[in-house]
Amino acid sequence: MSSSVTAAVATSKRHPWYTVLYIQVLIAIALGILIGHYFPKTGVAMKPLGDAFIALIKMMIAPVIFCTVVHGIGSMRDLSKVGRVGIKTLFYFEVVSTVALAIGLLVGELLQPGKGFNIDPATLDPKAVANYVTAAKQEGVVGHLLGIIPDSFFGALARGDILQVLLVSILSGFVIARLGAIGEKINAAIDTAAKMFFGIIRIIVRAAPVGAFGAMAFTIGAYGLGSLVNLLQLVATFYLTSILFVLVVLGTIAHFAGFSIVRFIGYIKDELLIVLGTSSSETVLPHMIQKMERLGASKSVVGLVIPRWSAW
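All figures in this text were calculated on a predicted structure; none of them were measured in a lab.

1. Regarding the packing of helix α4 (residues 47-74) against helix α8 (residues 162-177)
Then comes step 1: Two elements in contact, α4 and α8, have axes whose closest approach is 8 Å; the angle formed by their N-to-C orientations is 30°. Comparing their axes, α8 and α4 come out roughly parallel. With respect to the hand of their crossing, α4 and α8 are arranged in right-handed fashion. When α4 is examined against α8, the residues I61, A62, I65, F66, V69, V70, I73 and G74 are found in contact with a partner set consisting of I162, V165, L166, V168, S169, I170, S172, G173, F174, I176 and A177.
Then comes step 2: Here the residues of the contact of α4 with α8 sort into 15 nonpolar, 4 polar and no charged.

2. Let's talk about the nonpolar core
Then comes step 1: Ranked by size, the top nonpolar core spans 48 residues in total, and within it V25, I65, F264, I274, L285, I289 and M292 carry the most contacts.
Then comes step 2: Looking at this core, the element that brings in the most residues is α4, giving 12 residues.
Then comes step 3: Residues contacting V25, with those up to four places away along its chain left out, are A208, P209, A212, L273 and I274.
Then comes step 4: One finds V96, I103, V107 and V249 within the second-largest nonpolar core, a separate group that totals 5 residues.

3. Observations concerning a nonpolar patch on the surface
Then comes step 1: There is a patch of nonpolar side chains on the surface, built from V235, F238, Y239, I243, L244, L247, V248 and V262 and spanning about 730 Å² of accessible area.
Then comes step 2: The element that contributes the greatest number of residues to the nonpolar patch is helix α11 (residues 232-257), accounting for 7 residues.
Then comes step 3: Residue placement: I243 occurs in helix α11.

4. Here's the deal with the packing of aromatic side chains
Then comes step 1: Going through the model one piece at a time under the given rule, you end up with 3 aromatic pairs.
Then comes step 2: Taking 5.3 Å as the distance between ring centres and 75° as the angle between the ring planes, the aromatic pair formed by F153 and F154 counts as edge-to-face.
Then comes step 3: Using a relative accessible area of 36% as the deciding quantity, one classes F153 as partly exposed.
Then comes step 4: Among the residues examined, F154 registers a relative accessible area of 64% and is labelled exposed.
Then comes step 5: Within the aromatic cluster, the residues linked to one another by ring pairs are F66, F153 and F154.
Then comes step 6: Its guanidinium or amino end placed over the ring of F218, K47 lies 5.4 Å from that ring's centre, counting from NZ or CZ.

5. Looking at the pattern of salt bridges
Then comes step 1: Applying the stated criterion across every chain, the model contains 2 salt bridges.
Then comes step 2: Close ionic contact of D51 with K47 constitutes a salt bridge, the shortest N to O distance being 2.7 Å. Of this pair, D51 and K47 both sit in helix α4, 4 residues apart, which is roughly one turn of that helix.
Then comes step 3: The class of D51 is partly exposed, set by a relative accessible area of 37%.

6. Describing the environment of I170
Then comes step 1: When you line up the elements, I170 lands in helix α8.
Then comes step 2: Note on I170: relative accessible area 25%, which makes it partly exposed.
Then comes step 3: For the pair formed by I170 and F66, sequence separation is 104 residues and the distance between their alpha carbons is 8.5 Å.

What counts as what
- Residues numbered from 1 in each chain as written.
- Predicted model: local features only at pLDDT ≥ 70, side-chain atom pairs only at ≥ 80, totals over all residues.
- Heavy atoms only, no water.
- Axes fitted to C-alpha atoms, helices over the stretch in contact; angles between N-to-C directions.
- Helix = DSSP H or I, 4+ residues; strand = E, 2+ residues; numbered from the N terminus.
- Parallel < 35°, antiparallel > 145°, perpendicular 65-115°, else oblique.
- Left-handed = near helix turned anticlockwise from the far one by under 90°.
- Contact = heavy atoms within 4.5 Å.
- Nonpolar A, V, L, I, M, F, W, Y, C, P; charged D, E, K, R; others polar.
- Core = buried A, V, L, I, M, F, W, Y, C linked by side-chain atoms within 4.5 Å.
- Buried < 20%, exposed > 50% of the residue type's maximum accessible area, 1.4 Å probe, protein only.
- Patch = residues over 30% accessible without salt bridge, like charges linked within 9 Å, V, L, I, M, F, W, Y side chains within 5 Å.
- Areas by Shrake-Rupley, 256 points an atom, 1.4 Å probe, with all protein chains shown as cover.
- Salt bridge = Lys/Arg side-chain N within 4 Å of Asp/Glu carboxyl O.
- Phe/Tyr/Trp six-rings, centres within 6.5 Å; stacked < 30°, edge-to-face > 60°.
- Lys NZ or Arg CZ within 6 Å of the ring centre and 35° of its normal.

Spatial relationships are all this shows, so hold off on functional conclusions.
What follows is the structure, given as structure tokens:
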């Protein structure tokens, strides 16, 4: 995998700098900050650009996940491997998420990033979060599990609920894998559909600089640079914790897996900048699936792991 990442990064450097997506996104973010700061009303008016880009990406998430998972599972002859991958994925996310929470609590306790805000809890309006608390109590574990089951097969795809899409995709993949020759024809058709969806994604992703510009211009225009000064410590603490987790925890895992986390970050820098500009990880989900497959990860593993990461 390490050589694959190196080759991919080297290939991207052959293009003229102004055609490289992450450079375009960086320029767009900088322009968005300038517009939002010096022309706040104009910056606020740019909000639809960011919203439109996120909506376009979300439009493609459900069909991309469906095709990727179904084709990956449908192509497997050893269906027990799917169960093993699923169990390993669940165990990995549980353990690593626990470590991430522990690091976050430790850094928060040491640095206390919210200490300077001088907020009196008695002045806060409890009604602001009342709906969320009520919904959480009513749903519970059983309600959450039942919520994974869609009201119809196509309802999951229409709503774009990732967990519901995963459920219908896994069931479809298992059935196709057991249909023999007919299943192979269905799987081939799904693979063809996936190529079409990824083609649409490639077109949409080229608009990432526009989306990042709109999102950043709105953020700065609406809240201003001055109003964000008090949040610098909190933001700096967040990024410090994230860097610590990525380099130490994920870096150690990557080392034992046989590749460099730094090179991998370089490989997905476009996606990281898009997430930074749009404040949404869902915008890069389809592109991440495609990039992982280019590195040699099997479609079944990518289809089970990447969507679960987004749903997490």
